[in-house]
Amino acid sequence: MYTLYGTDESGSCMIEIALQRCAVPWHRVDASSWQDGEGSDALARINPLKQIPTLVTPDGQVITESAAILIHLGLEFPSSDLLNGNRAQILRGLVYIAANCYSAIGIIDYPQRWLDSGNETLQAQLVTGTRRYLHQAWVIFADQFAGQLLAPSGQPNALGIMAAAVSRWDEAREALSALAPGFAQTLAQVDADPIVAPVFARHWPQWNVS
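Keep in mind that this is a model prediction, so the values were computed, not measured. (Residues numbered from 1 in each chain as written. Predicted model: local features only at pLDDT ≥ 70, side-chain atom pairs only at ≥ 80, totals over all residues. Heavy atoms only, no water.)

J.: Can you lay out the sheet that holds strand 4 (residues 62–64) for me, pointing to particular residues and giving the numbers?
T.: Read from one edge of the open sheet, four strands run 2-1-3-4, paired in mixed fashion. Of all strands in the sheet, those bounded by a partner on one side alone are strand 2 (26–30) and strand 4. Geometrically, the sheet is characterised by an average inter-axis angle of 20 degrees between neighbouring strands, direction not taken into account. Bridge count for strand 3 (residues 54–56) against strand 4 is three bridges, and the pairing is antiparallel. Bridged to leucine 55 within strand 4 is isoleucine 63. Along the sheet, helix 3 (residues 66–76) makes contact with strand 1 (2–6), strand 3 and strand 4, crossing strand 4 at roughly 125 degrees. (Pairing = 2+ DSSP bridges. Helix = DSSP H or I, 4+ residues; strand = E, 2+ residues; numbered from the N terminus. Axes fitted to C-alpha atoms, helices over the stretch in contact; angles between N-to-C directions. Contact = heavy atoms within 4.5 Å.)

J.: Could you give me a rundown of the pattern of salt bridges, with the residues and numbers involved?
T.: Side-chain pairing between opposite charges can occur once the charged atoms of the two side chains come close. In the structure shown here, the tally under the stated rule is seven salt bridges. The closest approach of N and O atoms between aspartate 30 and arginine 28, which form a salt bridge, is 2.7 Å. When its relative accessible area of 48% is taken as the criterion, aspartate 30 is described as partly exposed. The partner of arginine 168 in a salt bridge is aspartate 191, and the shortest N-O contact between them spans 3.6 Å. (Salt bridge = Lys/Arg side-chain N within 4 Å of Asp/Glu carboxyl O. Buried < 20%, exposed > 50% of the residue type's maximum accessible area, 1.4 Å probe, protein only.)

J.: Give a detailed account of the pairing of strand 2, specifying residues and quantitative values.
T.: Summarising the sheet, strand 1 and strand 2 pair through five bridges and their orientation is parallel. In the strand pairing of strand 2, tyrosine 2 is matched with tryptophan 26.

J.: Tell me about the nonpolar core, and please be specific about residues and values.
T.: Leu73, Ile97, Trp138, Phe141, Val166 and Leu176 are the most contacted members of the largest nonpolar core, which has 55 residues in total. When near neighbours in sequence (up to four residues on either side) are disregarded, leucine 73 contacts Tyr2, Ile15, Ala18, Leu19, Cys22, Leu55, Ser80 and Leu82. Of all hydrophobic cores here, the second largest spans six residues; its members include Tyr5, Ala42, Leu43 and Val56. (Core = buried A, V, L, I, M, F, W, Y, C linked by side-chain atoms within 4.5 Å.)

J.: Outline the packing of helix 5 (residues 120–145) against helix 7 (residues 172–179), listing residues and values.
T.: When two helices pack together, their arrangement is captured by the angle between the axes and the distance separating the axes. Contact geometry of helix 5 with helix 7 gives a least axis separation of 10 Å together with a crossing angle of 55 degrees. With respect to each other, helix 5 and helix 7 are oriented oblique. For helix 5 against helix 7, the interelement crossing comes out right-handed. On helix 7, the residues touching His135, Trp138, Val139 and Ala142 of helix 5 are Ala172, Ala175, Leu176 and Leu179. The class makeup of the residues in the contact of helix 5 with helix 7 is seven nonpolar, one polar and no charged. (Parallel < 35°, antiparallel > 145°, perpendicular 65-115°, else oblique. Left-handed = near helix turned anticlockwise from the far one by under 90°. Nonpolar A, V, L, I, M, F, W, Y, C, P; charged D, E, K, R; others polar.)

J.: I'd love a proper account of the environment of serine 66, names of residues and values included.
T.: Inspection of the secondary structure assignment puts serine 66 in helix 3. Sequence spacing of serine 66 and glycine 85 is 19 residues, and the spatial spacing of their C-alpha atoms is 19 Å. Apart from the residues within four sequence positions on either side, serine 66 is in contact with Met14, Ile15, Pro53, Tyr102 and Met162.

J.: Could you give an account of helix 4 (residues 87–109), naming the residues involved and the relevant values?
T.: A rise of 1.5 Å per residue sets the reference length of helix 4, with its 23 residues, at 33 Å; its end C-alpha atoms lie 31 Å apart and thus fit the reference within 8%. At alanine 98, helix 4 is deflected by roughly 30 degrees, the largest bend along its length. Those residues of helix 4 lying buried are Ile90, Gly93, Leu94, Tyr96, Ile97, Asn100, Cys101, Ala104, Ile105 and Ile108. Against helix 3, helix 5 and helix 6 (158–166) lie the buried residues of helix 4. (Expected span 1.5 Å × (residues − 1). Bend = angle between axes of the 7 residues up to and from the residue.)

J.: Tell me about the environment of arginine 28, and name the residues and values.
T.: Mapped onto the elements, arginine 28 comes out in strand 2. Relative accessible area serves as the criterion here: at 24%, arginine 28 is assigned to the partly exposed category. Taking the C-alpha atoms as reference points, arginine 28 and glycine 39, separated by 11 residues in sequence, lie 9.6 Å from one another. Apart from residues lying up to four places away in sequence, arginine 28 is in contact with Leu4, Gly6, Thr7, Asp8, Ser12, Glu16 and His203. Among the polar contacts made by the side chain of arginine 28, one reaches the side chain of aspartate 8 at a distance of 3.0 Å. A polar contact is formed between the side chain of arginine 28 and the side chain of aspartate 30, at a distance of 2.7 Å. (Polar contact = N/O pair within 3.5 Å; in protein donor to acceptor, adjacent residues only side chain to side chain.)

Nothing here speaks to function; it is all geometry.
Following this line, the structure appears as structure tokens:
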């Protein structure tokens, strides 16, 4: 059985979706770097950064980094359609999100990691500038990858799942609705997938894009 360390309103949602697509047994251990408890203590023992999602395979391997987990599952279970489509562009897009979008969100959420925690003015400036960069990175992503989010079967592939999940943070969907409305509609199509929709609803029960 796969063990997924994660929590609601986090990137673990995309791995929950992928595991369902792979039709394998799995369970989630509630854990994160901002929670205390047995689950977070167990997570720290296998991933000192306490990053989520972290996945433990049935043979005991620890896999971290959302893009790496999605790629691993797509390779292990080809019938899941996670890597079906233009694989080169799917892989490129997964790494793009990790490098440009996920990393920016980490700065926005934890500016004190990068600046003196006592300088609130500089922290606010860093957050504002990083959010501006994040939204521009999403607009570029929309231009480069708009046609790569769905497998030939019509199901969202790994890139579609990751894009739909990560774009839910830091007002990215609102920015895309204004600057790349066609791409925003494609993300909404991913949201509505019958496997994706209930997972997102559980993670973000009050979420909507204005």
